Structure formats: structure tokens, C-alpha cells
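If you want the building blocks of each chain, they are given just below.
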Amino acid sequence: MDTQETSPSVLLFFNNERFIFNAGEGLQRFCAEHKIKLSQVDHICLTRVCSETAGGLPVPKNQISQEIILLMIQGVSGLLLTLAGIKNGSPESTEHVDIWGPPNLDLLVNAMKNFVPHATMVKAHIIPRSDNVMVHGNGAALASSLHAEELQAEGKFKAVSISAILLTPTDLLDGSHFSSNDTSIVYICNLHDIRGEFDPRKAKACGLKKGRKLGQLQNGISVKSDLLDIEVHPDDVIGPPIPGPIVLIVDCPTEPHAQELLSAQALNAYYSDSQSNSPETTKVVNCIIHLSPATVVSSPVYERWMRKFDSAQHIMARTTREHETTPILESSARIATRLHYLCPQLFPAPSLLSVQNDGVAAPNFKVQVEGSISKVCGISAENLLKFTLRPPRRLGLDRSSVQNQMTSSVFIKELLSEIPEIADAAKNMSTFWHKPKEDEAELFTRQDSEVMTGDPSLAGHAAPRCMKNVQRDDLEIVFLGTGSSIPSKYRNVSSIYFNLFSKGGLLLDCGEGTLAQLKRRYGINGADSAVRNLKCIWISHIHADHHAGLARILALRRDLLKGVPHEPMLVIGPEQVGEFLKDYKKLEDLDMLFLDCRSTTVAKWDDMEADSMNDESRDHTVLTSLSEDSSLLRCSKRMKPSTPVDDIKLLKRFKKVLSEAGLVRFISFPVVHCPEAFGIILESAERMNCGTVVPGWKVVYSGDTRPCSEVIEASLGATILIHEATFEDGLLEEAITRNHSTIKEAIEVGRSAGAYRIILTHFSQRYPKVPALDEVSIQRTCIAFDLMSVNLADLPVLPKLLPYLKLLFRTRELI
């Protein structure tokens with residue numbers, strides 16, 4: 001269901017076939033949480049094609065049951081990679097996934113080809129809009145929805161027939177205001193009829209004995225009576241067929257779409273009140289799943305359409321709920337709550353756990369029209385709510401899989417029962433923030449003496465000068481995703497939010513589910529504010545676990561700033577990310593500009609500065625001699641930049657943005673991972689403290705990489721080095737093969753560079769515990785967890801957390 005973190009998804013499954021309707025971000029994490037195997041999905045049906053409905057694309061095939069599960073979640077591209085297992089290799093299977101959607105579906109598939117190899121595993125089926133358009137006498141195009149387009153795939157659809165009706169508001173069909181998101185689809189799922197039951201009494205009356213003939217009749221073959229001189233037909237001994245259940249999946253994003261829905265002639269055969277229908281021809285709809293927003297569902301037009309179904313069960317997937325206490329990802333919420341109990345300074349309480357929702361099990365939903373209560377009632381969807389379609393005797397709602405309510409207090413009660421000594425540990429942790437501060441003069445004097453030894457590895461023990469009288473509104477680093485490859489129950493994929501408070505924020509990498517993680521950390525309004533005030537988004541490399549959440553963030557920012565004067569978002573990344581965004585912008589406008597990472601290296605920044613100097617030189621040469629011996633002219637030639645003019649213009653604009661954010665350096669540098677993989681250096685401006693100049697902080701993020709000299713050089717004297725640590729130390733060969741780092745290697749990079757603090761992230765999803773660290777490493781190292789929020793002022797106490805984390809995770813395999 002829609003929980004603000006996620007958008008609705010529906011799973012229709014049979015013994016040998018599975019269909020997913022819509023796949024927003026987070027689908028894979030939700031299914032991993034609840035042991036739902038997406039590896040068996042055959043078909044993905046999109047009601048619309050946009051970041052909301054296709055933010056993470058599923059996987060295929062096989063599970064036993066005939067039910068619709070209301071997964072109600074978000075997830076397209078990341079799951080396609082999971083499906084084929086091709087992130088670091090080639091798929092062994094030649095099977096493909098069928099994806100169905102409106103005419104703009106091909107734009108999505110083409111965009112994904114930039115980072116999804118072996119694109120033949122995706123077979124796109126375009127449901128044409130033209131079939132549902134008539135031309136009026138005056139030449140204007142009118143939506144008619146005269147018939148439903150049946151979905152057909154060779155050798156598939158064994159248990160159900162699915163048809164689609166395209167809805168496009170008539171005032172948009174002339175193309176003047178049409179966008180790719182303006183077409184939505186209503187899916188009609190009709191299970192095949194079941195042959196009627198065999199009546200042994202009728203068979204006996206027809207003179208039939210037990211034996212082979214009874215089987216022939218059940219297979220539709222007429223036979224000769226054993227005792228009478230008559231021919232017995234199947235209808236003589238078999239009752240009428242049992243009509244297959246019918247389910248509608250409806251997504252009307254706006255009221256004009258609802259008006260199209262009301263006038264769709266293709267649905268006339270399904271209406272209970274249609275005068276043209278006889279009891280014999282009327283198709284009874286058993287269940288309607290409404291993916292339309294609550295504002296549309298409660299409109300008079302939509303309500304009139306709902307009244308046309310007398311016996312259907314209406315399930316509202318996007319109605320507003322209050323007092324909701326059950327998190328959509330229980331395992332992740334349990335860890336976040338435990339970490340908050342242990343150390344609230346570094347692990348703030350998950351915001352969405354405290355969202356006020358109604359908490360009533362499957363509450364009734366009534367549509368209101370002009371102040372009166374209509375007769376149309378439904379229920380608000382719940383995660384894992386089922387509607388059983390077969391066998392007929394079980395037709396209807398099934399809440400057996402719906403989660404029990406889980407709250408923060410329940411999680412804490414479990415923790416204290418499991419690890420009683422954690423209460424004392426939490427008290428001990430709190431003292432780190434309340435002890436008198438160490439005398440700063442002594443602290444910084446010790447730092448200077450250690451640096452003078454010439455061993456940069458020793459400098460990490462002393463607080464750098466940028467920490468002197470540091471304020472809590474300077475920098476906060478929020479780890480939105482700390483896992484590698486695919487989202488898991490416990491760790492989302494890569495994303496780091498740099499909160500610069502009044503100066504805005506930055507995103508370094510933006511894996512699938514980044515927006516949901518922002519909402520879990522800051523709440524709905526806080527996440528909107530963070531997205532609205534982003535200065536830029538930087539992507540380290542093309543792998544989907546580092547950028548698949550980008551479109552969702554950009555689309556939200558576009559909507560939040562609609563009608564407000566603003567500049568397009570600047571996205572910085574490798575060339576392939578730019579190609580993906582270029583293709584994706586044909587699908588929906590993302591209100592952004594792209595700059596290649598190569599244009600933010602030291603050399604390219606120098607080119608930009610040289611170009612600025614050339615501009616000044618050109619202005620000055622109007623008043624000077626233009627002879628070849630002119631030293632000014634020679635200088636101008638020497639400074640001629642190699643960076644493209646457009647990139648130089650963007651860099652100049654970006655420099656102003658960085659200045660507003662209080663940053664003086666934003667430098668990408670190549671690392672050893674895949675082609676066009678980068679790390680980044682961020683440095684803040686100097687500040688005045690009691691009349692003295694205090695240097696700014698320096699943070700380095702490695703991206704994905706093997707240990708390399710480029711990262712060490714970039715990290716010299718860093719305040720914080722955020723380094724990937726994908727593999728445990730015993731998996732060095734695998735780390736080398738996959739161009740990743742082990743935990744020990746990452747720490748050694750930080751030690752070699754003299755980084756004050758090393759924060760490890762991008763862990764393999766396989767690990768069951770906090771990794772073991774030696775006494776030397778523990779003095780400067782911290783393990784990142786999802787939603788961990790590291791304030792610059794808290795760096796001195798950061799390494800003290802590790803022993804307590806080991807206590808917290810001693811009994812559970814939670815990483």
C-alpha cells in the first residue's frame with residue numbers, strides 16, 4: 001500500500017504464472033523482508049510509465065497459490081539486474097521478462113539499456129493509444145475506449161486473460177499539452193471459467209456405468225449410454241461452468257482520467273446497472289483495486305463510476321491512513337530502533353515510525369459526495385492483504401498474512417529481554433556527549449607534535465584544527481544506504497546525504513530507495529525540504545545500485561519547485577549516467593543539467609580558471625599591442641583550456657553554487673573499479689574563530705574501488721574518509737576479482753593518508769555481524785549503518801561506538 005515511503009504494487013499469482021502490476025522503488029526490499037520470490041515473475045504490467053510506478057523493475061517465475069497479494073510497495077531497473085544476475089557477469093538463462101505498458105514504455109526500456117546489459121532479457125509490449133481514439137466530425141481527436149486490448153504472449157496466460165484500456169484525457173489528445181505521464185491503463189484480469197461439476201445422479205439416470213465414459217464426458221466428449229439407447233452429451237451430466245473471477249486494477253492519476261474512465265465503453269459489459277446487459281451477458285466483477293490517489297477516488301466523477309458495481313469488493317491502495325505504527329520494512333526498522341536506543345546522538349529515531357495513522361484493522365472506506373455518504377464502501381489496503389480467487393469456496397479477502405502491529409516500544413522490549421546489559425551500555429554511551437571537553441589547547445598542541453614526526457598515520461589520533469569550536473550546524477553526514485549490489489532487509493544500496501543545514505545539501509550516489517530513506521530519516525516534510533534545497537547530486541559510477549533512485553529524487557524536486565523560480569538541478573556523474581538521463585528525459589522532464597565527472601577533476605577546474613583568466617586577458621588586450629612578442633598573448637595561449645565550452649560554463653555556474661554551500665573544493669578523481677568510476681573530495685571554506693583562521697573540513701568518498709594511490713593521495717589529511725569495505729578480510733581474492741576493497745584494506749588506506757576518521761560503508765549483504773577490528777584500527781574507524789547521522793562535532797567519540805555495536809549485534813544476524 002502507499003505509505004509515503006512507497007507506492008502501491010499488486011501481485012497476481014497462480015501455480016505457474018506471476019504478474020506484477022507497478023513496481024516502484026523498494027519492491028525488492030519488501031519482498032526480501034517477507035520472503036516473496038520475485039525470481040518467478042513472468043510479466044510486469046505498468047499502469048503508467050514514470051519514476052513512481054517503475055522506479056525498480058521486477059524479476060521472474062513459479063509459486064503455488066491463486067491469489068492477488070496487495071504488496072503495496074515501491075520497485076524496475078534494479079530488479080532486472082537481480083533477475084539475470086548480470087551485475088558482475090553474464091546470465092546463464094535466455095528467458096526474458098515481458099513488460100506491458102502504454103506507448104511511452106519504449107522510452108523507459110531504451111533509457112535502461114544504458115546500464116542494463118543483455119537488454120534482450122526485457123521484452124516490451126506496447127499497448128497502443130491509437131486503438132482507443134476516434135476522430136470527431138470536426139477533426140478533433142476524442143477518447144472512445146471502445147474496446148479493451150488483450151495482452152497476448154506466446155505460451156503464456158494459462159490461467160487468466162488480461163485486457164487493457166488506455167485512458168488519456170480528451171483535452172490532451174491533440175498533443176498541445178500531452179506528456180508521457182498523461183496515459184494510464186486500466187487492467188481487466190479475468191480468470192478462465194471452471195468446467196461445471198459432474199453430477200453422478202444425472203449420469204445414473206442416463207444409464208451410464210462407472211468407467212472410461214465418465215472421464216470422456218468430463219473432457220467434453222459425448223458418449224453412448226451403457227443401459228439406454230441414447231447418446232449422452234456433457235451438458236446432460238455436467239452442470240454449467242463456473243465463471244472465472246474478474247479483478248480490475250485502476251489507476252486514475254487525475255480527475256480528467258476519472259472522466260475518461262466513466263465514459264469508457266469497453267467497461268459497459270462489467271457494469272451491474274447497464275440497461276444493455278442481460279443477467280446472462282453481464283460479467284460480474286469480484287474485486288477492484290484502486291491505485292488512484294485519495295483525492296481522485298473521493299471525487300464525484302469517480303464515485304459515480306464506483307456505483308456501477310454492485311457486488312465488487314473495493315480495495316483502496318492510496319487512501320490516507322492515520323496512527324500507522326507498523327513499519328513497511330520491519331527488520332530495518334527494528335535495527336534502526338535498537339541503534340537509536342543505544343546511541344540516539346548518531347541514530348535519530350526513524351521518523352515514519354511515529355507517523356500518526358488510524359491503526360484500525362482493514363478499516364471501512366466510504367466515498368463522500370457533496371457532504372453525503374454514498375453506498376459505495378471499501379477497505380483501506382494493508383501490506384500483504386490478499387484477495388483469494390480460487391478455489392471458489394474461498395473467494396474473498398484474506399488477512400492471514402497481514403502484519404501484526406509493531407511499534408518502537410515492542411522493538412525495545414525485545415532488545416532488553418534479549419540483551420539486558422544494553423541498558424547500561426546506552427547510559428555509558430550517553431556520557432560521551434556530556435563529559436567536560438578536553439582542553440583544546442592541549443588537544444591541538446598534541447596534534448601538531450604528532451604531525452611533526454613525519455608519519456601521517458599518527459595524525460589521525462589528534463583532532464584536526466577544523467574541529468576547534470565546531471558548531472553542530474556545520475555538517476551532518478547521513479548514510480541513507482550502506483549495502484552493496486542489491487537492497488536487502490537490513491541495508492539499502494548506496495546513498496549519502498551531506499546536510500549543510502542553512503546552506504543546503506548534497507547527495508553522493510543515489511541508489512534505489514534513496515527518497516524513502518530520506519523520509520525515514522527526516523519525515524515527509526523534512527525529506528521534501530532536503531530535496532528542495534539540494535545543491536547537486538554526484539554519482540560515482542554507472543552501476544544501478546548507485547543511481548537507480550535518481551529519477552525519483554529529481555521528479556520530486558521538479559514537483560516541489562513547480563511555479564517557484566529556481567535553477568535546474570546539476571547532476572554530476574560518468575558519461576553513461578548522462579546518456580541514461582538524456583534518454584530518460586524523453587519520458588518525463590527531470591528539470592536537470594548534466595556535467596561529466598571528468599569535467600570536475602583538478603585539471604578541468606584549472607581549465608575553468610584559465611578560461612576566466614583568458615576572458616580578463618581578452619578584455620585587457622584591447623588596450624595593448626597584439627604583437628607575437630607580447631608576454632600577455634603568450635600567457636593567454638598557454639592557458640587555453642581543453643574543457644568543452646559548455647562544461648566550462650556549467651563549472652562557472654557550479655562554482656557559484658558551491659560557494660553558496662560554503663565549499664571551496666569539489667573534485668572528482670578516478671578510482672579502480674569499472675570504466676569511468678570516480679571518488680570525490682569535498683572541502684569547506686575557512687572560518688574565523690575568536691579572531692583566528694580555522695581551516696575547513698575535508699571529506700573524501702571513495703565510491704567503489706580497489707585500494708589505490710589515487711584514494712590515498714586524495715585523502716591526505718582528510719577529516720573523514722568514507723571508504724567502501726565490501727568484503728571481509730578472508731575474501732581478498734573475490735575483492736580483487738570484483739574490484740572492491742576488504743575491510744582491512746579500506747582501513748589501511750585511511751591510515752596511510754592520515755585521515756582523522758575512517759567510516760566504512762558499502763558492505764556485502766551477506767555479512768551476519770559487525771566485523772572484527774584490531775585495537776589500532778578501532779581508534780579511528782567506524783562502521784556505517786543505514787540512517788546513521790554523523791555530525792562533524794561528534795567525530796571525536798565516533799570510534800568509541802564499535803564495542804557497543806558488537807554487544808548490540810552479538811545474538812542476531814542483522815547485517
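Note that the structure is a prediction, hence the values are computed from the model and not measured.

Parameters and conventions
- Counting restarts for each chain, with residues numbered from 1 along the sequence as it is written.
- Selection of residues for local features in this predicted model requires a pLDDT of at least 70, selection of side-chain atom pairs for listing and counting requires 80 or more, and totals for whole chains, interfaces and linings are taken over all residues.
- Side-chain calculation: all heavy atoms of the structure are included, whereas hydrogens and water are not.
- We count a stretch as a helix when DSSP gives it H or I for four or more residues in a row; a strand needs E for two or more, and each element gets its number in order from the N terminus.
- Only protein chains enter the accessibility calculation, which uses a 1.4 Å probe; a residue whose area is less than 20% of its type maximum is buried, one above 50% is exposed, and one in between is partly exposed.
- Computed with the Shrake-Rupley method and a 1.4 Å probe, the accessible areas treat only the protein chains shown as cover for residues.
- Strand pairing is defined by DSSP finding a minimum of two bridges between the two strands.
- Known as pLDDT, the predictor's confidence for each residue is given on a scale from 0 to 100.
- Contact between two residues is taken to exist if any of their heavy atoms lie within 4.5 Å; hydrogens are not considered.
- Any two of the Phe, Tyr and Trp rings considered here, Trp counted by its six-membered ring, make a pair once their centres fall within 6.5 Å; the pair's planes then place it as stacked at under 30 degrees, edge-to-face at over 60, or tilted in between.

A. Geometry of the overall build of the protein. A tally of regular secondary structure across the protein gives 23 helices and 35 strands. Of all 815 residues assigned to the protein, the portion counted as buried reaches 57%. Carbon and sulfur atoms make up 51% of the accessible area of the protein, which amounts to about 34,100 Å² in all.

B. Highlighting the pairing of strand β26 (residues 592-596). Note: strand β25 (residues 569-573) against β26, five bridges, orientation parallel. From the neighbouring strand, I572 faces β26, where its bridge partner is L595.

C. Examining the confidence of the model for the protein more closely. Considering every residue of the protein, the mean pLDDT works out to 80; 76% of them sit at 70 or more. Predicted confidence for residues 58-66 stays below pLDDT 50, and this span has 49 contacts to residues more than four positions away or in other chains. In the model, residues 130-144 has pLDDT below 50 throughout and makes 32 contacts with residues more than four positions away in sequence or in other chains.

D. Looking closely at helix α16 (residues 575-584). What α16 keeps buried is the set V577, G578, F580, L581, D583 and Y584. Contacts made by the buried residues of α16 are with α3 (105-112), α15 (550-560), β25 and β26.

E. Looking closely at the environment of K800. Position of K800 among the secondary structure elements: in the loop between β35 (789-791) and α23 (802-808). Separated by 368 residues in the primary sequence, K800 and F432 have C-alpha atoms spaced 8.6 Å apart. Among residues more than four places away in sequence, those in contact with K800 are M429 and F432.

F. Summary view of the packing of aromatic side chains. As enumerated under the stated definition, the model contains 13 aromatic pairs in all. Aromatic pair F654 and F666: ring centres 4.9 Å apart, planes at 85 degrees, arrangement edge-to-face. Of this pair, F654 sits in helix α19 (residues 645-660) while F666 sits in strand β27 (residues 663-670); the two residues are twelve residues apart in sequence, bridging distant segments of the chain. Given the relative accessible area of 1%, F666 is considered buried. What links up through ring pairs into an aromatic cluster is the set Y271, Y302, W305 and F309.

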